[in-house]
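# Notes for the structure review
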Amino acid sequence: MNRTFRSVVCIAVAAVCLIYMAACGGDGTTTTVASTTTGGAVTTTGGQNRTTTVATTTTNPTTTAVAPASEPQSGPYAFYQKDEVIDFCGYTMVGNNGFGSLREDGSVVAESNLTMFTTWDTTMKHGKITAKFTGAPDNEKNTNGICFNIQGKGMKGILEEDPSATPYFFEKDYYYYICFIGMKGTMGLCKASWKTNQWTNLQWSGNIEGYEQGSEYTITVEVPDDGVIKCYYNDQLLIEFTDPDPITDGEGVGIRLKETGAVCNSIKIESKD
């Protein structure tokens, strides 16, 4: 099944909110869950950033799109189709949601909304991750960024521990942190599914000066031993957050491309473990 058709399928998913495909014959399944919010967020203003504390917990609308069958992988990647396993910047990465592809220039482009890739063999509990993104042109809903401290040793570890586990997820099922550029140019640090199946807003920056929709930008995340997570936009520190309930055992790393046409140009993982 070619990628153009899968892109059309994904657009149809977004249009009708709930599509299910026949389970036989290797076709994928797409599920959408409605959005709810609980708790009273506390917002403080001052200094460099405007920040929202951990008081707000949100169950975001989430869609898990499993790629239709193309050609099965073998060996350690037997859970995936061949077009779901890529070599990106020297890291083997696997598609955990949506559809994406490796372009001739070495970048990864999202061919559907809600595209996510995670590394297979590379892990990092403490260290630094740097990735360059280009948002989809003329689309303010881009929320692209870095996923880190993914449950255990990431998807490889999860599947080795439980071969029956699903390798497909987006903002539910497995826990992790995510740092991304949000709508209209703000940076957010959030936590997905830690001790719950909800999304927790940890901290947000104010509007980023100089941000332009569709331009390339760099996100850097530092996770030092002291537990203070630092997030940078083009080398400018925008978020500095100490999680009172930190993820303690997550080591997986990935990228999130929210909208069709969004691009991750490169990623570098520098582990201190």
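So, a few notes on the structure that sits alongside this text.

### Some remarks on the packing of aromatic side chains
Centre distance and the angle of the planes are the two values used to describe a pair of aromatic rings. Under the defined criterion, the tally for this structure stands at 13 aromatic pairs. Ring geometry for Y80 against Y168: centres 6.1 Å apart, planes inclined by 70 degrees, an arrangement best described as edge-to-face. With Y80 in the loop between β6 (62-65) and β7 (85-88) and Y168 in the loop between α2 (154-161) and β14 (176-181), this residue pair connects regions lying 88 residues apart in the sequence. On the basis of relative accessibility, which here comes to 9%, the residue Y168 falls in the buried class. On the numbers, 5.1 Å between centres and 90 degrees between planes, the contact of F169 with Y174 is edge-to-face. Relative accessible area serves as the criterion here: at 0%, F169 is assigned to the buried category. Three or more aromatic residues link up through ring pairs in this structure, and these residues are Y77, Y80, W120 and Y168.

### Some details on the sheet that holds strand β12 (residues 127-134)
A sheet is described by the order of its strands in space; here seven strands give the open sequence β9-β10-β21-β12-β17-β18-β19, paired in antiparallel fashion. Among the strands making up the open sheet, the edge pair consists of β9 (100-102) and β19 (236-242). On average, each strand axis in the sheet is tilted by 20 degrees relative to the strand beside it, whichever way the strands run. As judged from the eight bridges shared by β12 and strand β21 (residues 263-271), these two strands associate in the antiparallel manner. Opposite I129, over in β21, you have I269 as the bridge partner.

### Overview of a negative patch on the surface
Residues D225, D226, E240 and D273 make up a contiguous surface patch of negative charge. Secondary-structure assignment places D225 in the loop between β17 (216-223) and β18 (228-233). With relative accessibility at 68%, the residue D225 sits in the exposed group.

### A few points about unusual backbone geometry
Here L114, not a glycine, exhibits a phi torsion of approximately 60 degrees, which is positive. Within the secondary structure, L114 sits in the loop between β10 (108-110) and β11 (115-119). Of note, D173 is a non-glycine position whose phi angle comes to about 80 degrees, a positive value. Summarising the element assignment, D173 is placed in the loop between α2 and β14.

### Focus on the side chain of T220
With respect to the helices and strands, the residue T220 is situated in strand β17. When near neighbours in sequence (up to four residues on either side) are disregarded, T220 contacts K128, I129, T130, K230, C231 and Y232.

### A look at the nonpolar core
The tendency in soluble globular proteins is for nonpolar side chains to be buried as a group. Counting residues in hydrophobic clusters, the biggest one holds 41 residues, and the most contacted among them are F133, F148, M187, L189, I219, V221 and I267. Top contributing element to this core by residue count: β17, with four residues. Excluding residues that lie within four positions of it along the chain, I219 makes contacts with I129, T130, A131, F133, N144, G145, I146, C179, F180, I181, M187 and Y232. Within the second largest apolar cluster, 23 residues are counted, among which are F169, Y176, I178 and C190.

### Describing α2
Those residues of α2 that sit buried are G154, M155, G157, I158 and L159. Tucked into the core, α2 has its buried residues touching β8 (91-97), β11, β13 (144-150) and β20 (252-257).

### With respect to the pairing of β7
The pairing of β7 with β8 spans four bridges and is antiparallel. Bridging from a neighbouring strand, I86 pairs with M93 of β8. Between β7 and β8, which follow one another and run antiparallel, lie two residues, and C89 among them has a positive phi close to 55 degrees.

### A few points about the state of the cysteines
Counted according to the given criterion, the structure contains zero disulfides. The thiol of C190 is unpaired, and the distance to the nearest cysteine sulfur, on C179, comes to 8.8 Å. The cysteine C231 is free of any disulfide, with C179 supplying the nearest cysteine sulfur at 3.5 Å. Judged by relative accessible area, which is 0%, C231 ranks as buried.

### A closer look at the pattern of salt bridges
In the structure shown here, the tally under the stated rule is nine salt bridges. The partner of D105 in a salt bridge is R103, and the shortest N-O contact between them spans 3.7 Å. Judged by its relative accessible area of 57%, D105 is exposed. Between D245 and K195 there is a salt bridge, with its nearest N and O atoms 3.0 Å apart. Of the two residues, D245 is situated in the loop between β19 and β20 and K195 in the loop between β15 (186-192) and β16 (199-207); the sequence distance between them amounts to 50 residues. Taking the relative accessible area as the measure of exposure, D245 reaches 29% and is therefore partly exposed.

Conventions adopted
- Residues numbered from 1 in each chain as written.
- Predicted model: local features only at pLDDT ≥ 70, side-chain atom pairs only at ≥ 80, totals over all residues.
- Heavy atoms only, no water.
- Phe/Tyr/Trp six-rings, centres within 6.5 Å; stacked < 30°, edge-to-face > 60°.
- Helix = DSSP H or I, 4+ residues; strand = E, 2+ residues; numbered from the N terminus.
- Buried < 20%, exposed > 50% of the residue type's maximum accessible area, 1.4 Å probe, protein only.
- Pairing = 2+ DSSP bridges.
- Axes fitted to C-alpha atoms, helices over the stretch in contact; angles between N-to-C directions.
- Patch = residues over 30% accessible without salt bridge, like charges linked within 9 Å, V, L, I, M, F, W, Y side chains within 5 Å.
- Areas by Shrake-Rupley, 256 points an atom, 1.4 Å probe, with all protein chains shown as cover.
- Salt bridge = Lys/Arg side-chain N within 4 Å of Asp/Glu carboxyl O.
- Lys, Arg positive; Asp, Glu negative; His and termini not counted.
- Charge placed at Lys NZ, Arg CZ, Asp CG, Glu CD.
- Contact = heavy atoms within 4.5 Å.
- Core = buried A, V, L, I, M, F, W, Y, C linked by side-chain atoms within 4.5 Å.
- Disulfide = S-S within 2.5 Å.

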